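# Commentary on secondary and tertiary structure
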Amino acid sequence: MSSDAMAEANQRVSAQEARRLLQDILKGNGVSPENAAIVSKCMVAADLRGVDTHGMNRISSYMERVRQGVLNPAAEVTLNQITPVVAQVDAGNGFGFVAAHRGMAAAIEAAKVYGIGMASIKHSNHFGMSAWLVQQAIDSDMMSLVFTNSSPALPVFGGKSKMLGVSPIACGAPGRGKSDFILDMAPSIAARGKIYKAKRRGEKIPLDWALDSEGRPTDDPAAALEGVMLPMGGPKGSALAIMMDVFSGVLSGSAFAGGVTNPYDPSKPANVGHFLVAIKPDLFISMDDFRDRMDHLYQTVVGSDKAAGVERIYFPGEIEKEAQAEREMLGIPLVQAEIDVLNQEAARVNAAGLSIL
Ligand SMILES: NC(=O)c1ccc[n+]([C@@H]2O[C@H](COP(=O)([O-])OP(=O)(O)OC[C@H]3O[C@@H](n4cnc5c(N)ncnc54)[C@H](O)[C@@H]3O)[C@@H](O)[C@H]2O)c1
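Quantities reported herein were computed from a predicted structural model and do not represent experimental measurements.

## Side note on the site of the ligand
Taken together, 28 residues surround the ligand, and among them Met129, Ser150, Pro168, Ala186 and Ala191 come closest. Secondary structure elements with two or more residues in the shell around the ligand: strand S9 (181–185) and helix H11 (318–330). Across the shell around the ligand, the residue classes tally to 16 nonpolar, 10 polar and 2 charged.

## Side note on the environment of Gln136
Relative to the helices and strands, Gln136 is located in helix H6 (residues 131–138). Residues Gln136 and His101, spaced 35 residues apart in sequence, show a C-alpha to C-alpha distance of 8.0 Å. Beyond its immediate chain neighbours, meaning those up to four positions away, Gln136 contacts His101 and Met104.

## Some thoughts on the domain arrangement of the protein chain
For the protein chain, the assigned domains are domain 1 (9–74 + 329–356), domain 2 (76–188 + 233–303) and domain 3 (189–230). Between domain 1 and domain 2, the C-alpha centre-to-centre distance is 23 Å. At the level of elements, helix H3 (33–48) and helix H4 (59–67) are the ones that each hand at least two residues to the side of domain 1 that touches domain 2. For the side of domain 1 that touches domain 2, the element with the most residues is H3, which contributes 7 residues. Its residues placed into classes, the side of domain 1 that touches domain 2 shows 9 nonpolar, 5 polar and 4 charged.

## Thoughts on helix H2 (residues 15–28)
Count 3.6 residues to each turn of an α-helix, and residues three or four apart come out pointing the same way. Here H2 is 14 residues long and its end C-alpha atoms lie 20 Å apart, about the 20 Å a rise of 1.5 Å per residue gives. All buried positions along H2 are accounted for by Ala18, Arg19, Leu21, Leu22, Gln23, Ile25 and Leu26. Structurally, H2 contributes buried residues whose contacts are with strand S1 (11–13), H3, H4, strand S13 (332–334) and helix H12 (336–348). Positioned one or two residues after H2, Gly30 has a phi angle of 95 degrees, which is positive.

## Looking at unusual backbone geometry
With a phi angle near 60 degrees, Asn93 is a residue other than glycine that sits in the positive phi range. Along the chain, Asn93 falls in the loop between strand S3 (86–90) and helix H5 (96–114). On the basis of neighbour count, Asn93 is assigned to the partly exposed category, with 19 C-beta atoms found within 10 Å. Although it is not a glycine, His123 adopts a positive phi angle of roughly 50 degrees. Secondary-structure assignment places His123 in strand S4 (residues 116–124). Here His123 falls in the buried class, since 24 other C-beta atoms lie within 10 Å of it.

Cut-off values and rules
- Every chain is numbered on its own, with residues counted from 1 as its sequence reads.
- Per-residue local features are limited, in this predicted model, to residues with pLDDT of at least 70; the limit for side-chain atom pairs, both in listing and counting, is 80 or more; totals at the level of whole chains, interfaces and linings are taken over all residues.
- We call a residue near a molecule or strand when its C-beta atom, built from the backbone, sits within 6 Å of it.
- We count a stretch as a helix when DSSP gives it H or I for four or more residues in a row; a strand needs E for two or more, and each element gets its number in order from the N terminus.
- Each residue gets one label: Ala, Val, Leu, Ile, Met, Phe, Trp, Tyr, Cys and Pro are nonpolar, Asp, Glu, Lys and Arg are charged, and the others, such as Gly, are polar.
- C-beta atoms are first placed from the backbone for all residues, and any pair lying within 7 Å is then listed as a contact.
- Just so you know, the domain bounds were taken from an automatic or database domain assignment.
- Under the convention used throughout, the expected extent of a helix is 1.5 Å for every residue step, that is, one less than its residue count.
- Three classes are used. A residue is buried when 20 or more other C-beta atoms lie within 10 Å of its own, exposed when 12 or fewer do, and partly exposed in between, with C-beta atoms placed from the backbone.

Listed below in structure tokens is the structure:
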């Protein structure tokens, strides 16, 4: 088989089957059934939205951390309600998915009563795609801010070595389904997961994504991973990454200033921090008015005059929402090499391999 044919994502699995596989792997590695359900739901949410870089293919890197004893699969999350609207969560070096899910749930409950709720989370791990947290808030009719820090991958503006994380900034607001607003973006030209994915799939990357270890532009994902990612918008991307570190790292008591461990480095705990805010949209106008105004904003944005060569204008989150509708119907596409790794992980705990659609 040629490397091109190997890289083709031509096999599909249902979301339900993907969640089943992840839950079996997680439970086989000491995660409680309840937490395995949360982690698998959040991970497969990324696959469904087309964010393949942060979905089920991450499971083997997470399990490697468990096997090396640097991520506690049975960690107890503790939540300390500091004021009626502020919760401090200690993830206990367990899954970021579990701790962040708990933190957002507390923020939402506070916002229902007081209009706003926030949670600071420390001693956590990578939580994948931020948008699942924005969706958790939208599902409860809440606006949200979702911040996290992450391991060094970007130089600061003017610097040449990795210091800042490619830490996504995410936020959202409920509209009327189609007009839900979900922004979820890394402050780099591309998320580092896209480079891991290209490497996994034997693909090249665009020359403006990263520099190799000698500081030269590269289209080779392996060379890019040895070098640095490039921030978007020069000093602005660098400033946003610093902002994520202020709110998620400095404020929480977790690692910051380049101190978070890369999720693919199983030599020590990650000590990631997150910061979550839920806001009730009907504080100043009715919920119905809010949704109508979101809908108007959506229609105005997607109905804008198009630049030359542009076929369609999208609202933030809309491309992913459409991917989700398609993948819920047709399944999630995977390449054979990805299926092999997932099945190897399943085999380690005597779980059934993926059943392909
Ligand atoms: N947990 C971590 O440490 C970590 C680190 C980096 C990235 N990530 C995740 O990686 C994912 C990918 O991030 P990214 O920056 O590569 O995302 P991206 O560039 O694909 O999208 C960024 C945002 O732009 C919007 N968008 C994209 N194309 C658009 C278009 N044509 N028209 C209108 N809007 C458009 C998307 O809806 C999204 O809100 C995110 O889910 C992020 O949370 C996680």
